[in-house]
Structures are given as C-alpha cells and as structure tokens.
Amino acid sequence: MQGTVDGFSYGLVTPVAAYLMACLGGALGLRCTTRSIRNGGSFKPGWLALGATAIGSGIWTMHFIAMMGFTVAEAPIGYDGPTTFASLAVAIVMVGIGIFIVGYRGATPMALVTGGTITGLGVASMHYLGMAGMRLQGRLEYDTLTVALSVVIAVVAATSALWAAVSVHGFLASLGASLVMGIAVSGMHYTGMAAVSVHLHGAAGPAGTGDSAATLLAPMLIGPVVFLLLAAVVVMFDPLLVMGDPDGRRTAQGVPARPGVPAQRAGQRQGQPAGWAADRSPRRGSPRSGDW
C-alpha cells in the first residue's frame, strides 16, 4: 500500500523558515572561512572550526525544519533521537574536512574540488541519515536517478560555497553568495524529498518508537539555532570579519591583497624576504655607497 506523501503540510512556512536557516548558517560559515584565510594566525583553526559548525548546523536545522512539513496521510511519523543527532555530527565533521582543506591549501582547483566533494557528500549523508531516523509503519523507497541528482546538487553547491569563501570580497557580495547557497541547499533537500515514496505495512497504525517531530523541534531550536545566533554575535562584534576584504582594497605598497597570502610589511619591496625591510637601513659603522 502506497502512502500519500505531503512535503508542504504547513504551506510556505516550513520552506521559508528552512531557507532562512540555511542562509544564516551559510553566511556565518563563509565569513568565518574568509576571516581565517585572509588573516591567518594562531586562531585560524578556531575560525575554520566555527565556520564548519555554522554551516553544518545551518544545513541540519534547515533539513529538520523542512521535515516538519513532511507528512504521510495514512501513518504518523516518529524520529529516532540518536540517529537524528548523529546526522548533525556527520554534517559538521564532513563540512569541517572540506573547509580545512581549502583553508590550508588555498583556492587551488584541486583543493576546491576535493573539499567541495567531501563537503557535498557530507551534506547528502546528513540528509539521508536524517531520513533513516524516521520511524513509521512502512518503509521509505527512493528513485535512484533523483537521489543521484540531489547528490550532484549538494557537491556543486558545496564547491561553489567554498569558492565564494576564498574569492568573494566584501560583506554584500558574501551575503549574496550565502543567499545563493541557501537556494542550492534547499534545492538539494527538496530534490531528495522528491525521490521519496512510502510503502506502508498493512493498515495504518501507531508510529514506531521514537520522538515525534514536535518533540525534536525544541532541541532543534534551543541547540543549533542558539549556536547560530551566538556565532552571529561574534560576527557583528568583529568588524574585520563583517567587512572582510572589500574589492579594491590594497596593501600599503599598492599591491592587491591575495587570498591566503599575508600582506607585506611597510617598506618591504615585492619579491624580497619579509625580514629585509627591518634590516634595509645602514647600520652604524657600515660602509655607505659614497665611501667606496
């Protein structure tokens, strides 16, 4: 018996709320990644970890807010808590691997492809592991081609996001990139949901063991959403993180700043060692050009 699936039982409320959470997580993650790349130092791993957690939490929260609108008319739905929150860990870890690759290797094609693929697979794994946590009197079936399309969308979206983190300059441009990222992540989610059909086991009955969607909503908001808001506060109080590296900004020597390359010190000529500027003045007792 096929179940009647509805992915928009609350109308546009859940898609819009889910999209906004994906944009928030993406914006914070992109800005933190940009901060670590353009201003390296001892805090670089911390910024990259914060960016990975922000993106992973945003995508995970987006997924389960969207799932609040997913219903099967003939059967109530429950969720297994450990599996559900394991999907959050998968999202953060795999997004973190991709971000650390780009953060330390730079915007090379190989780093972007490798990091984007790992991050995209992490997003897709989070989605389908979260779906595996659903409990109902039936089984989920997937259309293979549509699932493959959703994975491709996830990889392309992740690669584009990582490229934006190392290439897009300025707050407004980064904000636009996060809006596009939110569209891509939401598109991946609803493409994956379009692949789902439910085969019920006999007559409708009570949901399987696990928490209801309403029960999961509280920790979903209190946990990842509060973290995203706290991360947003960190961004607001770091002007360099907010403004990033605006287009056209140059170093004191007029040389355009490049992603991942520290700015030259004052008085240092292009192509000379970093310590040259400090030692370029003649020392006392050293011969001058006019003494030869």
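Here the structure is a predicted model, which means the values were calculated and not measured.

Before going further, it helps to examine the overall build of the protein chain. When helices and strands are counted, the protein chain shows 9 helices and 7 strands. Put simply, of all contacts in the protein chain between residues at least 6 apart along the chain, 84% involve residues at least 24 apart. In the form shown here, the protein chain has an accessible surface area of approximately 14,300 Å², with 68% of it arising from carbon and sulfur atoms.

Remark: helix α2 (residues 44-67) packs on helix α6 (residues 171-194), axes separated minimally by 11 Å, with the N-to-C direction vectors making an angle of 45°. Here α2 is positioned oblique relative to α6, judged by the angle of their axes. In terms of crossing hand, the pair formed by α2 and α6 is right-handed. The residues of α6 that touch α2, namely those facing I55, I59, M62, H63, A66 and M67, are M181, V185, S186, H189, Y190 and M193. When the residues that make up the contact of α2 with α6 are grouped by side-chain class, the tally is 9 nonpolar, 3 polar and no charged.

This paragraph deals with a nonpolar patch on the surface. A cluster of nonpolar side chains, F171, L172, L175 and L179, forms an exposed patch at the surface whose accessible area comes to about 360 Å². Residue position: L172 is located in helix α6. With relative accessibility at 68%, the residue L172 sits in the exposed group.

Taking 1.5 Å as the rise per residue, α6 with 24 residues should run 34 Å; its terminal C-alpha atoms sit 34 Å apart, in good agreement. Taken together, the buried positions of α6 are S174, A177, S178, M181, G182, V185, S186, M188, H189, T191, G192 and M193. For α6, the elements touching its buried residues are α1 (13-38), α2, α4 (109-132), α5 (144-167) and β6 (196-200).

On β6, burial follows the alternation: V196, V198 and L200 on one face are buried, whereas S197 and H199 on the facing-out side are not. Alignment of strand β5 (residues 138-142) against β6, held across 5 bridges, turns out to be antiparallel. Across the sheet, the residue bridging to R139 is H199, located in β6.

The next subject is the confidence of the model for the protein chain. Residue-level pLDDT values for the protein chain average 77, and 71% of them are 70 or greater. Summarising per-element confidence for the protein chain, the mean pLDDT is lowest in helix α9 (residues 276-279) (45) and highest in α4 (93). Considering only residues more than four positions removed or in separate chains, one finds that residues 244-268, a stretch of pLDDT under 50, has 37 contacts. Scored below 50 in pLDDT, residues 273-292 shows 10 contacts in the model against residues more than four places distant or in partner chains.

Below, the discussion takes up the environment of L140. One can find L140 in strand β5. L140 sits in the partly exposed class, given a relative accessible area of 21%. Not counting the four nearest positions on each side in its chain, L140 is found in contact with M131, M134, V196, S197 and V198.

Note on soluble globular proteins: their nonpolar side chains tend to be buried together. Counting 57 residues, the largest nonpolar core has M67, F70, V72, I99 and M134 as the members making the most contacts within it. Contributing elements (two or more residues each) for this core: α1, α2, α3 (81-105), α4, α5, α6, β6 and α7 (213-236). The biggest single contributor to this core is α2, with 13 residues. Residues in contact with F70, not counting those within four places in the same chain, are V5, D6, G7, S9, I77, M134, M193 and V196.

Rules of the game
- Counting starts from 1 at the beginning of each chain's written sequence and moves along it residue by residue.
- Reporting of local features is limited, given that this is a predicted model, to residues whose pLDDT is at least 70; pairs of side-chain atoms are given and counted only at 80 or more, and all residues count toward the totals for whole chains, interfaces and linings.
- Think of the side-chain values as coming from all heavy atoms in the structure, minus any hydrogens and water.
- For the purposes of this entry, the term helix denotes a DSSP run of H or I that reaches at least four residues, the term strand denotes a run of E that reaches at least two, and both are numbered from the N terminus.
- A contact between two residues is defined here by any heavy atoms of the two lying within 4.5 Å.
- Surface exposure here means Shrake-Rupley accessible area, sampled with a 1.4 Å probe, where a residue is shielded only by the protein chains that are shown.
- For helices, the axis comes from a line fit to the C-alpha atoms of the stretch in contact; other axes are also lines fit to C-alpha atoms, and the angle between any two N-to-C directions lies between 0 and 180 degrees.
- Working rule for angles: under 35 degrees goes down as roughly parallel, over 145 as roughly antiparallel, 65 to 115 as roughly perpendicular, anything else as oblique.
- Should the near helix be turned counterclockwise from the far one by less than a right angle, the crossing is left-handed, whereas a clockwise turn marks it as right-handed.
- Residue type decides the class: Asp, Glu, Lys and Arg count as charged, Ala, Val, Leu, Ile, Met, Phe, Trp, Tyr, Cys and Pro as nonpolar, and the leftover types, Gly among them, as polar.
- Each patch groups residues whose relative accessible area exceeds 30% and which form no salt bridge, using 9 Å between like charges and 5 Å between nonpolar side chains of Val, Leu, Ile, Met, Phe, Trp and Tyr.
- The salt bridge definition used is simple: a Lys or Arg side-chain nitrogen within 4 Å of an Asp or Glu carboxyl oxygen.
- Exposure classes here rest on a 1.4 Å probe applied to the protein chains alone. A residue is buried below 20% of its type maximum, exposed above 50%, and partly exposed in between.
- To estimate the expected span of a helix, subtract one from its residue number and multiply by 1.5 Å.
- One requirement defines pairing of two strands: DSSP has to find at least two bridges between them.
- pLDDT is a residue-level measure of predictor confidence that goes from 0 to 100.
- Buried Ala, Val, Leu, Ile, Met, Phe, Trp, Tyr and Cys residues that are joined via side-chain atoms within 4.5 Å together make up what is termed a nonpolar core.

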